[in-house]
Amino acid sequence: MIVVMNSGCEQSHVDHVVELVQQMGLREHVIVGTDRTVVAAIGDKRNLDMSAVESAPMVDRVVPILAAYKVASKEVKQEPTVVRVGPGNAQIGGNKLAMIAGPCSVEDESRLIEVAHAVKEAGAIGLRGGAFKPRTNPYSFQGLGETGLKYLAKAREATGLSVVTELMSIEHVKLVAEYADVLQIGTRNMHNFNLLVAAGETGKPIMLKRGWSATLDEFLLAAEYIMNTGNKNVILCERGIRTHESYVRNTLPLAIIPAVKHKSHLPIVIDPSQGTGHAYMVPSMSLASIAAGADGLIIEVHTDPEHALTDGAQSITPETFAQFMTDAARVASAVGRST
Ligand code: PEP
Ligand code: MN
C-alpha cells in the first residue's frame, strides 16, 4: 500500500502515518519526493486497515502497490534514485553517466594502480576488480582474497576512484565491506537471498547483477531483498543472459534498460564485457547502452589482456577505453546525458 500525503504536509503528519502503519504490524518506507511525500507500507496485507490510514490528517489517498516488488517499484517512487558512492561522493543514476572500469581480477599491485590511473584520466569514477572470483572451474585462479582488497584500497588512495568489488559469501561480508565502496553481487549469487540481505545490512551501495537466467521481475525482487534491509542504495547491472547463441559469451539484452526505467526508479548500468565476451564488441555495445538510456557502464580494462589471469578476451586496453570515452561523450550528449 502507498500512502500519498498532501503536498504541504508536515513531518508530524508523516510521523503519525508511520505510527499507524507500525501499529498494523507493517514496515514503512518513507520517500520524500520533490513534490509529495509517500509512505510505502510493506508487509502482510491482512493486517491492513485502509480506512484508518485514509482518514489520517493530510493523507491524500491510499493506493495498493500492484507489482510484486514494492520498494524497488516506480509505483512507490517516481524520481530516479541517485546512489552516491566512494570518496568523491560520485553519483550513479544522475544525468552524468557513471563509468566504472578495471581488470576482471585484481592481479598485482603495480598493474592495478597503473590501470586505475589510466581509467581515471579517461573519466572513470570507479575502479572494478575482483579479489574473490566466482570461477566455474575449481582449478582456475580464484582471486587474491584479502591481499587483492588491500591493493584495491591502495589504488583508491592513489586515484580517488571508488572501489567496486565482488562479495561472494556471507563469511566475507565484514571483510569486503571494510575495503569496498560498492559491493558487487555476481550473476551466480542473484538468487542467494541470505547473501543479499547480509550485503544490504552493511549499508554500503550494492551493485546487483542480474542472474543469467533470471527474469526482470526476479531481478527486481532480488533488489527488493536488499532494499528491505533499509538500504536504498542499489544499482542494477545487466551482464547478459544465456541463450542458444555462441558468437557471444552471453547475449546482452539492452531492452532491459527501458524496461527497468518503466518499472523501477533504480539506476541500471551495463556490463558489456561479460555481456559479449569479446573485446572488439565492447565499445559498440557500450555506445548502444548509452543511447538506450543506461546510467553507466562497468567495463573490463587490462594493460595486457593477452596475459590477464581472467577474462582477457573480453578486456579492452586503457587506450581503447580512452578512445571509447571520447566517443561516449558524443553519444551521451546526443541523448541529453553527459560523461
Ligand atoms: C565479473 O564482473 O568479473 C563477474 C564475474 O561478473 P558476473 O557475475 O556478471 O559473471
Ligand atoms: Mn570478468
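Source: prediction; values computed, not measured. (Residues numbered from 1 in each chain as written. Chains lettered and ligands numbered in written order. Predicted model: local features only at pLDDT ≥ 70, side-chain atom pairs only at ≥ 80, totals over all residues. Heavy atoms only, no water.)

(A) The arrangement of the nonpolar core in detail. With 75 residues, the main nonpolar core has Met99, Leu208, Leu236, Phe321 and Phe324 as its most contacted residues. Mapping this core onto the domain boundaries places at least three of its residues in each of domain 1 (2-63) and domain 2 (83-334). Setting aside anything within four residues of it in sequence, one finds phenylalanine 324 in contact with Met99, Pro283, Ser286, Leu287, Ile290, Leu297 and Ile299. Counting residues in hydrophobic clusters, the runner-up holds 17 residues, among them Val3, Cys9, Val18 and Met24. (Core = buried A, V, L, I, M, F, W, Y, C linked by side-chain atoms within 4.5 Å. Buried < 20%, exposed > 50% of the residue type's maximum accessible area, 1.4 Å probe, protein only. Domains from an automatic or database assignment. Contact = heavy atoms within 4.5 Å.)

(B) A look at the site of ligand 1. Taken together, 13 residues lie around ligand 1, and Arg128, Lys133, Thr187, Lys209 and Arg239 are the ones closest in. Within the contact set of ligand 1, an oxygen atom lies 2.7 Å away from a side-chain nitrogen or oxygen of arginine 239. One of the side-chain nitrogen or oxygen atoms of glutamate 300 is found 3.2 Å away from an oxygen atom of ligand 1. Against a free-state accessible area of 300 Å², the protein chains account for coverage of 97% of ligand 1. Split into classes, the residues belonging to the shell around ligand 1 amount to two nonpolar, four polar and seven charged. (Near = heavy atom within 4 Å. Polar contact = N/O pair within 3.5 Å; in protein donor to acceptor, adjacent residues only side chain to side chain. Areas by Shrake-Rupley, 256 points an atom, 1.4 Å probe, with all protein chains shown as cover. Nonpolar A, V, L, I, M, F, W, Y, C, P; charged D, E, K, R; others polar.)

(C) Broad picture of the packing of helix α3 (residues 109-122) against helix α4 (residues 146-159). Between α3 and α4, the least distance of the axes is 9 Å, while the angle of their chain directions is 40 degrees. Between α3 and α4, the angle falls in the class oblique. Remark: the crossing between α3 and α4 carries right-handed chirality. Seen from α3, the contacting residues are Glu109, Leu112, Ile113, Ala116, His117 and Lys120; seen from α4, they are Tyr151, Leu152, Lys154, Ala155, Ala158 and Thr159. (Axes fitted to C-alpha atoms, helices over the stretch in contact; angles between N-to-C directions. Helix = DSSP H or I, 4+ residues; strand = E, 2+ residues; numbered from the N terminus. Parallel < 35°, antiparallel > 145°, perpendicular 65-115°, else oblique. Left-handed = near helix turned anticlockwise from the far one by under 90°.)

(D) View of the packing of aromatic side chains. Using the criterion set out here, one finds two aromatic pairs in the structure. Between phenylalanine 193 and tyrosine 225, the aromatic rings sit 4.5 Å apart at their centres with planes inclined by 20 degrees, giving stacked as the arrangement. Of this pair, phenylalanine 193 sits in helix α6 (residues 193-201) while tyrosine 225 is found in helix α7 (residues 216-227), placing the two residues 32 residues apart along the sequence. Judged by relative accessible area, which is 32%, phenylalanine 193 ranks as partly exposed. Taking NZ or CZ as reference, arginine 242 lies 4.2 Å from the ring centre of tryptophan 212, over its face. (Phe/Tyr/Trp six-rings, centres within 6.5 Å; stacked < 30°, edge-to-face > 60°. Lys NZ or Arg CZ within 6 Å of the ring centre and 35° of its normal.)

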